[in-house]
Amino acid sequence: MNLFFEEDGAFKVGTEMSGTDSACQVELPTGKRIKVKRSHIFVTYNSPSPAEFLARAQQEAEEIDLEILWEFAPDDEFDFKTIAAEYFGDSVTPIQQATTILRLHSNPVYFYRKGRGKYRKAPAETLKLALAAIERKKKLEEQKDSYVQMLIEEHKAPAEIANKAIELLVRPDKNSIEWKALNEASDKLSCMPLRLLLDVGAIPNAWRWHVESFFMINFPKGKNFPENLSQPHREAHDELPLSDAVAFSIDDSETTEIDDALSVTPLEDGKTRVGIHISAPGLGIQPGSDIDLVARERMSTVYAPGLKTTMLPKEWVAAFSLDEGLICPVVSLYAVVDNETLAVLSTDTRLERIKIEKNLRYDLIADKVTEEAIQEGNLPVPYGPELIWLWKFAKKLLKGREEVRGRPEPVGRIDWYFSLKGEDENAEIELKGRRRGDPLDLLVAEMMIFANSTWGGWLEERDVAGIYRSQRMGRVKMTSVPGPHDGIGVPYYAWSTSPLRRYVDMVNQRQIIATLKGEKAPYRNNDSELFSIISTFDSNYSAFNDFQSRMDRYWSMRWIEQEGINELKATVVKGDLVRIEGLPMAQRVPGLPELPRGQSVLMKVLNLDYLSLVMECSLIKVLNESHEEDLEEEEIEAEVEAPEAVPPPQEAPQAEGAEPGNAGQA
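Here is a short report on the structure shown in this document.

Thresholds applied
Residues numbered from 1 in each chain as written. Predicted model: local features only at pLDDT ≥ 70, side-chain atom pairs only at ≥ 80, totals over all residues. Heavy atoms only, no water. Pairing = 2+ DSSP bridges. Helix = DSSP H or I, 4+ residues; strand = E, 2+ residues; numbered from the N terminus. Axes fitted to C-alpha atoms, helices over the stretch in contact; angles between N-to-C directions. Contact = heavy atoms within 4.5 Å. Expected span 1.5 Å × (residues − 1). Buried < 20%, exposed > 50% of the residue type's maximum accessible area, 1.4 Å probe, protein only. Phe/Tyr/Trp six-rings, centres within 6.5 Å; stacked < 30°, edge-to-face > 60°. Lys NZ or Arg CZ within 6 Å of the ring centre and 35° of its normal. Salt bridge = Lys/Arg side-chain N within 4 Å of Asp/Glu carboxyl O.

**A few points about the sheet that holds strand β15 (residues 344–361)**
Spatial strand order, β9-β10-β11-β14-β15: 5 strands in a closed barrel with mixed pairing. Direction aside, the axes of adjacent strands within the sheet are offset by 40° on average. As judged from the 8 bridges shared by strand β10 (residues 260–267) and strand β11 (residues 271–279), these two strands associate in the antiparallel manner. Directly across from Thr 265, in β11, lies its bridge partner Arg 273. In the packing of helix α17 (residues 439–461) onto the sheet, the strands contacted are β9 (247–251), β10, β11, β14 (327–338) and β15, and the crossing angle to β11 comes to about 80°. Sheet contacts for helix α18 (residues 503–517): β11, β14 and β15; angle to β15, the most-contacted strand, approximately 120°.

**Comments concerning helix α4 (residues 94–105)**
Here α4 spans 17 Å end to end across 12 residues, near enough to the 16 Å set by a 1.5 Å rise per residue. Extensive coverage of α4 is indicated by the burial of 10 of its 12 residues. Within α4, the full set of buried residues consists of Ile 95, Gln 96, Gln 97, Ala 98, Thr 99, Thr 100, Ile 101, Leu 102, Arg 103 and Leu 104.

**Some details on the packing of aromatic side chains**
This structure, assessed with the given rule, holds 26 aromatic pairs. A centroid spacing of 6.1 Å and a plane angle of 65° characterise the contact between Phe 72 and Tyr 87, whose relative ring orientation is edge-to-face. You can see Phe 72 sitting in helix α2 (residues 66–72) and its partner Tyr 87 sitting in helix α3 (residues 80–88), a full 15 residues away along the chain. On the basis of relative accessibility, which here comes to 22%, the residue Tyr 87 falls in the partly exposed class. Pairwise contacts between aromatic rings join Phe 4, Phe 11, Phe 42, Tyr 45, Phe 53 and Phe 80 into one cluster. For Lys 121, the ring lying beneath its charged end belongs to Trp 70, and the centroid distance is 4.3 Å. If you follow Arg 502 out to its NZ or CZ, it ends over the ring of Trp 495, 3.8 Å from the centre.

**With respect to the pattern of salt bridges**
Using the criterion set out here, one finds 29 salt bridges in the structure. Asp 292 is the salt-bridge partner of Arg 510, the closest N and O atoms lying 2.6 Å from each other. Of this pair, Arg 510 sits in helix α18 while Asp 292 sits in helix α12 (residues 290–298), and the two are 218 residues apart along the sequence. Across the pair, Asp 292 and Arg 510 agree in class, each one buried. With a closest N to O distance of 2.9 Å, Asp 415 and Arg 436 form a salt bridge. You can see Asp 415 sitting in strand β16 (residues 414–421) and its partner Arg 436 sitting in the loop between β17 (428–435) and α17, a full 21 residues away along the chain.

Structure (structure tokens):
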């Protein structure tokens, strides 16, 4: 006796060898013997052979008209033998019975299984909707197949994929046919989806990928500011007292967010009053306002070569930027200094207005403001005497920090950056450098460090919450707990001097303003809002720094190509890690022999991969010279080993928080 039965959800055939009332021993066509329950057997027959029986049943099942079978089926639950008799007639054969159950079982849209061998037909309306869905799915599958064919055979991107190419990689909807087609084509071509989209022109070039993917991830609502934001009112602060100090700023010509200015006022009895004046958007931007929510979402201005996305809309920047000729609301830190010893005798913080007499531009006067000219006592630039005095005061402050640090501040190394003519990958690249420790760079950096340190202590003395940047045991962190910054050499360091560009500076400024007014500060020491701001700022600021680092690397490689450079000098940092001389770029050189730190080597450029930001190079020779590398090893390693990861923020005072070309503002 041959049997047609179900085992483990599959239909099988075999020959009964022995059995009982409840089960039997069955030999399969393969020769294997299994035990089958009698309740699992659907059809018994004598011929043909089991293998032929199953093959014929499977073939004939496809010939059954589903529409007619569904029409013949009763509305109530039915047995497969009943519907087989309805469809084939009373003389239904064992093969036809098997054919029927195979057809029923393989079409759950038409027939619902209600038990072993029992079914119920789907309601007409439900079936109609299900069939429509199947048809839609079929068309989508055909559309997907056409996309795959176009990507692979025609080497073109369908418009539907090209229009959302970067989104498919950054925020993929894995249920969409565009993503499924891209994924399938990539698998068949054995390449990454990003590479494929670049190859077919859906993403024009690596620059577009690096830039647009960054903004899509970090600015999901777009780079533009929302419409109908509230507008600033500069005249609202006219009640503030007007300072008698003569203020001037020092920034690069490209700087649009001028948030700090300086003043030097001679006093009687051999004293001088130094003023550090910071723009006061904290006066006009109230916590929880629409403009505050926008700034809080961004947390910082984004910088990269040729790109700048501001934290605040241009109207708000213009309202508080310390532009030449304007009378601006500021938070001022005044320090009375002894002219002979350059010791700080007292400090005073004020909320006031001040007229900005001049915006000095670093790139236009830096070559005239040299140590030699300062020593001669004659600077041929506006506010020459004031700059000379500030430089001497800055040198005094630097010496004090170096004593705390226990080591000298690294000076002399050039911080390289790029100026681009154009905004895309075809921009003409100009390489520029700023030497750490140059007079203008030094005096601005030291004034800002002095202000941030003083105001950090000022908040702590008054038991007012603030956001501090501290460093202990080499670890830098943002915290609400006051603490020293060992890397800079100050007991407190609270970013407060760039409120137009960093949200934490504006938070600290609000705390200072409220305290000066005798009002309750917006944030308390244990305020969850303060912790939330710190966490979000850390995340955003790290991502923005990483983007700038990656784009510096991209433009370094583009500059190498533009200049047709085949050989590069580099300085060994550690192991196979080198710093490329004359570029803001570090590099791993596999196979580099063990060389001492600071050793100069000559490298051959083999290949530039703008997508992965990897420059392949090899050692030509070891040069008979060496340089002391003053960039922290951990920072370089983070930049080279994981360009997609987050490198630690720079802590060198001349670099920390500085906008390229912004006088090294800390």
